[in-house]
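Descriptive analysis of the structure
Residue strings, one per chain:
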Amino acid sequence: MIVFRLGRIRTPQGPGMVLLLPFIDSFQRVDLRTRAFNVPPCKLASKDGAVLSVGADVQFRIWDPVLSVMTVKDLNAATRMTAQNAMTKALLKRPLREIQMEKLKISDQLLLEINDVTRAWGLEVDRVELAVEAVLQPPQDSPAGSSLDSTLQQLALHFLGGGLSSGAGGAPPPGPADTLEMVSEVELPAPHGGAGPSPKQPVAEGLLTALQPFLSEALVSQVGACYQFNVLLPSGTQSIYFLDLTTGHGRVGHGVPDGIPDVVVEMAEADLRALLCRELRPLGAYMSGRLKVKGDLAVAMKLEAVLRALK
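Predicted model, so just to flag it, every value in this text is computed and none were measured.

What counts and what doesn't
Residues numbered from 1 in each chain as written. Predicted model: local features only at pLDDT ≥ 70, side-chain atom pairs only at ≥ 80, totals over all residues. Heavy atoms only, no water. pLDDT = per-residue confidence, 0-100. Helix = DSSP H or I, 4+ residues; strand = E, 2+ residues; numbered from the N terminus. Contact = heavy atoms within 4.5 Å. Expected span 1.5 Å × (residues − 1). Buried < 20%, exposed > 50% of the residue type's maximum accessible area, 1.4 Å probe, protein only. Patch = residues over 30% accessible without salt bridge, like charges linked within 9 Å, V, L, I, M, F, W, Y side chains within 5 Å. Areas by Shrake-Rupley, 256 points an atom, 1.4 Å probe, with all protein chains shown as cover. Salt bridge = Lys/Arg side-chain N within 4 Å of Asp/Glu carboxyl O. Pairing = 2+ DSSP bridges. Axes fitted to C-alpha atoms, helices over the stretch in contact; angles between N-to-C directions. Core = buried A, V, L, I, M, F, W, Y, C linked by side-chain atoms within 4.5 Å. Parallel < 35°, antiparallel > 145°, perpendicular 65-115°, else oblique. Left-handed = near helix turned anticlockwise from the far one by under 90°. Nonpolar A, V, L, I, M, F, W, Y, C, P; charged D, E, K, R; others polar. Polar contact = N/O pair within 3.5 Å; in protein donor to acceptor, adjacent residues only side chain to side chain.

This part covers the confidence of the model for the protein. A residue-level look at the protein finds 76% of positions with pLDDT of 70 or above and a mean pLDDT of 75. Averaged pLDDT values for the elements of the protein fall to 39 in helix α6 (residues 176-183) and rise to 90 in helix α4 (residues 103-118). Across residues 142-201, confidence stays below pLDDT 50; counting only partners more than four residues off in sequence or on other chains, it has 41 contacts.

Printed below as a string of structure tokens:
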């Protein structure tokens, strides 16, 4: 028992009978037994771009009751927040395979990092056990299925890109020429003899414009926000696009929106392509630093509803 006499702390009392002076003494009980709490599973992005749900079990005890009362107001909440922050920082630096194979080593490192903070509070962590609940998204550079992912990306670009260049007024060329035009979604074909190369629509503009058929009043009522996309092109220049889901069926186009956007999203053109092809989730892109958000992060994560509409 920690006793305050006229606001001044006394030496710890008990266990056993403790005499208190009415209206002069106040006290606070401190439990010195080992206790435990769990860090709720949260979504994290690993170094290789995988998104996983990770939690932890933490056991701790108070070794200095005076410090535990004087230095921090809510000891349980402060310890839980410290453990969650340490877990997030540790996992962001490691690939998924290392997290799965070296959970014990990571847990020992978390134990030391948490104790570095909590010892000043009179609290010592005895045990940390990391728990990987689920892998929500495989690593971006995973060798398994890379050729399949590449093929799916080609098909997705073919349907979303809208960049198939056709002749100015003639029918599309037959047979093999069609195959060459499909490949041109990623790589520009060599110019034909005598004819200059026709201007090609940027991939980012084609991808965003292709969202228009999927917009609806239901999506507007679900999202209800306006987005501005600052897309960094491979040439090093930046293009600005908007997605307005505040009125009607929604609008998408090139340039800044009419009003002030709720969220400004900055990303590279390749990441935008991966996002709209559902190869990259908004949360995973944000956690890995590939998507930068200016504004309310919760509103930015509503882009997931737009991606679900593309199914």
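Alright, that's what it looks like, and here's the rest.
Further remarks concern α4. An ideal rise of 1.5 Å per residue puts 22 Å on 16 residues; α4 measures up with 22 Å between its terminal C-alpha atoms. The set of residues buried in α4 consists of Ile106, Ser107, Leu110, Leu111, Ile114, Asn115 and Thr118. Those residues of α4 hidden inside the fold are in contact with α2 (75-92), α3 (96-101) and β6 (123-137).

Where nonpolar side chains cluster on the molecular surface, the patch consists of Leu6, Leu21, Phe23 and Ile24 and spans about 500 Å² of accessible area. For phenylalanine 23, the position within the fold is in the loop between β2 (8-9) and β3 (25-28). For phenylalanine 23, a relative accessible area of 89% gives the class exposed.

Turning to the side chain of asparagine 115, a few remarks are in order. With respect to the secondary-structure elements, asparagine 115 resides in helix α4. Note on asparagine 115: relative accessible area 4%, which makes it buried. Excluding its chain neighbours within four sequence positions, the residues that come into contact with asparagine 115 are Glu124 and Val125.

With that out of the way, let us pick up the pattern of salt bridges. Applying the stated criterion across every chain, the model contains nine salt bridges. A salt bridge links arginine 61 to glutamate 124, with the nearest nitrogen and oxygen atoms 3.0 Å apart. Placement of the pair is arginine 61 in strand β5 (residues 51-62) and glutamate 124 in strand β6, with a sequence separation of 63 residues. Where arginine 94 meets glutamate 98, a salt bridge forms, and the shortest distance between an N and an O atom there is 3.2 Å. Note on arginine 94: relative accessible area 11%, which makes it buried. Overlapping salt bridges, with partners in common, bring together Arg61, Glu124 and Asp126 in one network.

Across the sheet, which stays open at both edges, the five strands sit in the order β9-β8-β7-β10-β11 with mixed pairing between neighbours. Because the sheet does not close on itself, it has two edges, and the strands there are β9 (251-254) and β11 (292-295). On average, each strand axis in the sheet is tilted by 15° relative to the strand beside it, whichever way the strands run. Pairing geometry for strand β10 (residues 263-268) and β11, over four bridges, is antiparallel. Residue valine 264 lies in a different strand from β11, and its bridge partner there is lysine 294. Set on the sheet, helix α9 (residues 269-276) makes contact with β7 (225-232) and β10; between it and β10 the angle comes to about 110°.

Turning our eyes to something else, we now look at the environment of valine 39. Examined against the element boundaries, valine 39 turns out to sit in strand β4 (residues 35-45). What makes valine 39 buried here is its relative accessible area of 1%. Considering only alpha carbons, one finds valine 39 and methionine 81, 42 residues apart in sequence, at a separation of 8.4 Å.

Membership of the largest hydrophobic core comes to 31 residues, with the highest contact counts inside it found for Val223, Tyr227, Phe229, Leu243, Leu245 and Val306. Looking at this core, the elements that each hand over two or more residues are α8 (217-223), β7, β8 (238-245), β10, α9, α11 (297-300) and α12 (303-309). Dropping the residues within four chain positions of it, phenylalanine 229 is found in contact with Ser239, Ile240, Tyr241, Leu243, Val265 and Leu303. Counting residues in hydrophobic clusters, the runner-up holds 30 residues, among them Val39, Leu52, Phe60 and Val128.

Attention now goes to the sheet that holds β2. In spatial order, the strands read β2-β1-β3; together these three strands make up an open sheet with antiparallel pairing. Whereas interior strands pair on both sides, the edge strands pair on one side only; in this sheet they are β2 and β3. Sheet topology note: the strand β1 (residues 2-5)/β3 ladder contains four bridges and is antiparallel. In the strand pairing of β3, arginine 5 is matched with aspartate 25.

Our next topic: the packing of α2 against α4. It is the contact of α2 with α4, at a shortest axis distance of 10 Å, that shows an interaxial angle of 135°. Taken together, the axes of α2 and α4 are oblique relative to one another. With respect to the hand of their crossing, α2 and α4 are arranged in right-handed fashion. In this structure, α2 contributes Thr79, Thr82, Ala83, Ala86, Met87, Ala90 and Leu91 to the contact, and α4 contributes Ile106, Leu110, Glu113, Ile114, Val117 and Thr118. Looking at the contact of α2 with α4 residue by residue, the classes come out as nine nonpolar, three polar and one charged.

It is worth spelling out the side chain of asparagine 230 at this point. Within the secondary structure, asparagine 230 is located in strand β7. Judged by relative accessible area, asparagine 230 falls into the buried class, the value being 9%. Only 3.1 Å separates the side chain of asparagine 230 from the side chain of glutamine 228, close enough to count as a polar contact. Excluding anything up to four places from it in sequence, asparagine 230 contacts Gln238, Ser239, Ile240, Val264, Val265, Glu266 and Met267.

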